[in-house]
Amino acid sequence: MQGENFINSEREIKVSFGYQCNSPRGIPCSAANGREIWSGSEMPRTGSFSCLSGAALSANATLANTNICNGVIGGEILPSLDSPKSFRRVPSSPSLPRLDILSSSLQSSISNLSCSSPSPVDSPETDSFLLKPMSAPSRTDSFLNAMEVQMAGGAAGEDRVQAVCSEENGWLFCAIYDGFNGRDAADFLAGTLYETIIFYFTLLDRESKQNVPTGNGCFEYFHDDSLVGNKAKPTYRIDGKNYASAESLMKKTADCKMEVSSDSFRHGVLDSLQRALSQAENDFLYMVEQEMEDRPDLVSIGSCVLVVFLHGNVMYTLNLGDSRAVLATYDDANDMGRTEKLKAIQLTDIHTVDNEVERTRLLHEHPDDSMPVVAGKVKGKLKVTRAFGVGYLKKKKMNDAVMGIIQVHNLISPPYISTEPSLNVHTISRSDHFVIIGSDGLFDFFSNDEAVKLVLSYISSNPYGDPAKFLLEQLVIKAAHSAGFSKEELMNIPAGRRRKYHDDVTVMVIILGTNHRTSKASTCV
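Calculation notes
- Residues take numbers from 1 onward in each chain, read along the sequence in its written order.
- Where local features are concerned, this predicted model is filtered to residues with pLDDT of at least 70; where side-chain atom pairs are given and counted, the filter is 80 or more; whole-chain, interface and lining totals use all residues.
- Think of the side-chain values as coming from all heavy atoms in the structure, minus any hydrogens and water.
- Numbering of helices and strands runs from the N terminus; a helix is a DSSP stretch of H or I covering at least four residues, while a strand is a stretch of E covering at least two.
- Given the number of residues in a helix, its expected span is that number minus one, multiplied by 1.5 Å.
- Helix axes are fitted to C-alpha atoms over the stretch in contact, other axes to C-alpha atoms as well, and angles between N-to-C directions run from 0 to 180 degrees.
- Any angle that falls under 35 degrees is termed roughly parallel, while one over 145 is termed roughly antiparallel, one within 65 to 115 roughly perpendicular, and all others oblique.
- Less than a right angle of anticlockwise turn of the near helix away from the far helix marks a crossing as left-handed, whereas a clockwise turn marks it as right-handed.
- Throughout, a contact is declared for two residues whenever any of their heavy atoms are within 4.5 Å.
- Here the term charged refers only to Asp, Glu, Lys and Arg, the term nonpolar to Ala, Val, Leu, Ile, Met, Phe, Trp, Tyr, Cys and Pro, and the term polar to all other amino acids, Gly among them.
- One number per residue, pLDDT, summarises how confident the predictor is, and it ranges from 0 to 100.
- Working definition of a nonpolar core: buried Ala, Val, Leu, Ile, Met, Phe, Trp, Tyr and Cys residues. They are joined through side-chain atoms within 4.5 Å.
- When a residue's accessible area, from a 1.4 Å probe over protein chains only, is under 20% of the maximum for its type it is buried; when over 50% it is exposed; and in between it is partly exposed.
- Salt bridges, as used here, are contacts in which a Lys or Arg side-chain nitrogen is within 4 Å of a carboxyl oxygen on Asp or Glu.

The protein appears in an unreviewed UniProt entry as PPM-type phosphatase domain-containing protein from Gossypium barbadense.

K.L.:
Mind showing me how you'd approach helix 11 (residues 467-483) here?
P.N.:
Given 3.6 residues to a turn, an α-helix orients residues that are three or four positions apart in the same direction. If you check helix 11, its first and last C-alpha atoms are 24 Å apart, about what 17 residues at 1.5 Å a residue would give, namely 24 Å. The positive-phi residue at the C-terminal boundary of helix 11 is Gly-484, with phi of around 80°.

K.L.:
Explain the packing of helix 10 (residues 448-461) against helix 11 to me, please; I cannot follow it from the model alone.
P.N.:
A pair of packed helices can be characterised by two numbers: the angle between their axes and the separation between those axes. Running from amino to carboxyl end, helix 10 crosses helix 11 at an angle of 125°, the nearest separation of the two axes being 10 Å. Taken together, the axis directions place helix 10 and helix 11 in an arrangement best described as oblique. Crossing of helix 10 against helix 11: the hand is right-handed. For the pair formed by helix 10 and helix 11, the contact residues are Glu-450, Ala-451, Leu-454, Val-455, Tyr-458 and Ile-459 on the first element and Pro-467, Phe-470, Leu-471, Gln-474 and Lys-478 on the second. Grouping the constituent residues of the contact of helix 10 with helix 11 by class yields eight nonpolar, one polar and two charged.

K.L.:
Looking at this structure, how should I read the confidence of the model for the protein?
P.N.:
Low-pLDDT portions of the prediction should not be read for the details of their coordinates. When the pLDDT values of the protein are averaged, the result is 77; 68% of them are 70 or greater. Under a pLDDT of 50 for its full length, residues 23-45 has, in the predicted model, 39 contacts with residues more than four places off or in other chains.

K.L.:
When you look at the nonpolar core in this model, what are you seeing that I'm missing?
P.N.:
Proteins that are soluble and globular tend to have nonpolar side chains buried together. Judged by nonpolar contacts, the single largest core of 73 residues is most densely connected at Phe-173, Tyr-177, Leu-193, Phe-284, Val-305, Val-307 and Phe-388. Mapped by element, the contributors of at least two residues to this core are helix 2 (72-81), strand 6 (148-156), strand 8 (171-180), helix 4 (184-210), helix 6 (262-291), strand 11 (302-311), strand 12 (314-320) and strand 18 (422-427). In terms of residue count, helix 4 provides more of this core than any other element does, 14 residues in total. Excluding anything up to four places from it in sequence, Phe-388 contacts Ala-185, Phe-188, Leu-189, Leu-277, Ala-280, Glu-281, Phe-284, Gly-302, Ser-303, Val-305, Leu-320 and Lys-394. In terms of nonpolar packing, the next biggest core, distinct from the first, is built from 36 residues, Phe-470, Leu-472, Leu-490 and Val-505 among them.

K.L.:
Looking at this structure, I do not really get the pattern of salt bridges. What am I missing?
P.N.:
Here the idea is simple: oppositely charged side chains can pair when their charged atoms come close. For the structure on display, the rule yields 17 salt bridges. Between Glu-148 and Arg-89 there is a salt bridge, with its nearest N and O atoms 2.9 Å apart. Placement of Glu-148 in strand 6 and of Arg-89 in strand 5 (residues 83-91) is noted, with a sequence separation of 59 residues between them. With relative accessibility at 42%, the residue Arg-89 sits in the partly exposed group. Among the salt bridges present, the one from Lys-478 reaches Glu-450, with a minimum N-O distance of 4.0 Å. In this pair, Lys-478 is assigned in helix 11 and Glu-450 in helix 10, connecting sequence segments 28 residues apart.

The structure is reproduced here in structure tokens:
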């Protein structure tokens, strides 16, 4: 296949990892060089995925984050999490010790930053971000209970990638944080969001036990509307059914008092993801407020967010911005052996001004502002309409902290950038083949269909290869051709200058293990 001899790949591909689940007999995965990268005990497979590969290519020149949160993120948290070339086994902590470190670094009266209650970032009552501490629940009986997990991740340019796997408990967490105007927001997410999500998942488990209506293990989960702070409401999509709000979903299950549907539990997971993101946003903007006098650039730094969480045979997605999750699936009525019958289904929304729905929403939410979109960007600054961070487009006092061309003129009715995510649930079937998760840099060069066909052709002829890395190699070839260079010439252009020709690109490919066609595939590197 093309791209096998990718020039300078080890120098430029900053992240490249792979994972293969144990077979039913517990056979470990061996890398191409013969090294065993995961050695597990014999156990039955409970998850719906068999393999994962991840890779990231840098284009932006960015300094490694060392001083965010007084250096705690870059100096203490991320080094313990990052493993850019392979998965490694790490303890699964129920008490969020990494986030507890943060609380001591912030000059505030908050006794426990990691356990503060989410609150609307645009509300006058929360300008001081006074957050209420609460005790961390035990994860002993959680549906995510795990003594240890496998973790990989790292940074390439302003992108960050994470993958966390508990094969014995049947779940996989994958996230791409596509930073912009700097890497601080992406680094903050990489250092805190996974733990915050696990915290809220554990709260969900505790709350479910307090609201069990019968002894059959089912429970009712109630959404707290006080946690929704921005004007743009989240989009709930469960197995192709749209729910405009938590209330509409609860009405659907209101007549099932004694036997709550699985939709209720799934909504609880989606709500936990949203609450965790809101928590992270509050914590980050609080940190920005503390440090913006010394670092005013922090108010303009933000990140897109894409989280894919597989639990059993259910896949949950959360996204802000323009990263994508694309499912490759077959039509059961067709011959599954034919490449052209594989369909690409986009599981995530694209939050940019080019999306007519987002553009219309933005105009509707700012009726007193005649120019919310300037030169194809929100207030002339950002193409994305939903993102993490970017406080100067959300809070006037943060905009006032910067001067010159960075400052937004006529900030009439903030916030202009929403932090309300799109949320989706998909039940994995035997027809589903794999999922491509990528930052927008990938889709600058390939459509959803093209990316799916490339991955399928590669894994068909290279069952023990690395499809994520292959996609990056193909992207470099296409970017070089578009610029009139050879791939060697393009890759010899230093990061920063090379941003003219392609963006930072992060890709993960998850091979879905319920599909018998992929049961022997491996993406170990």
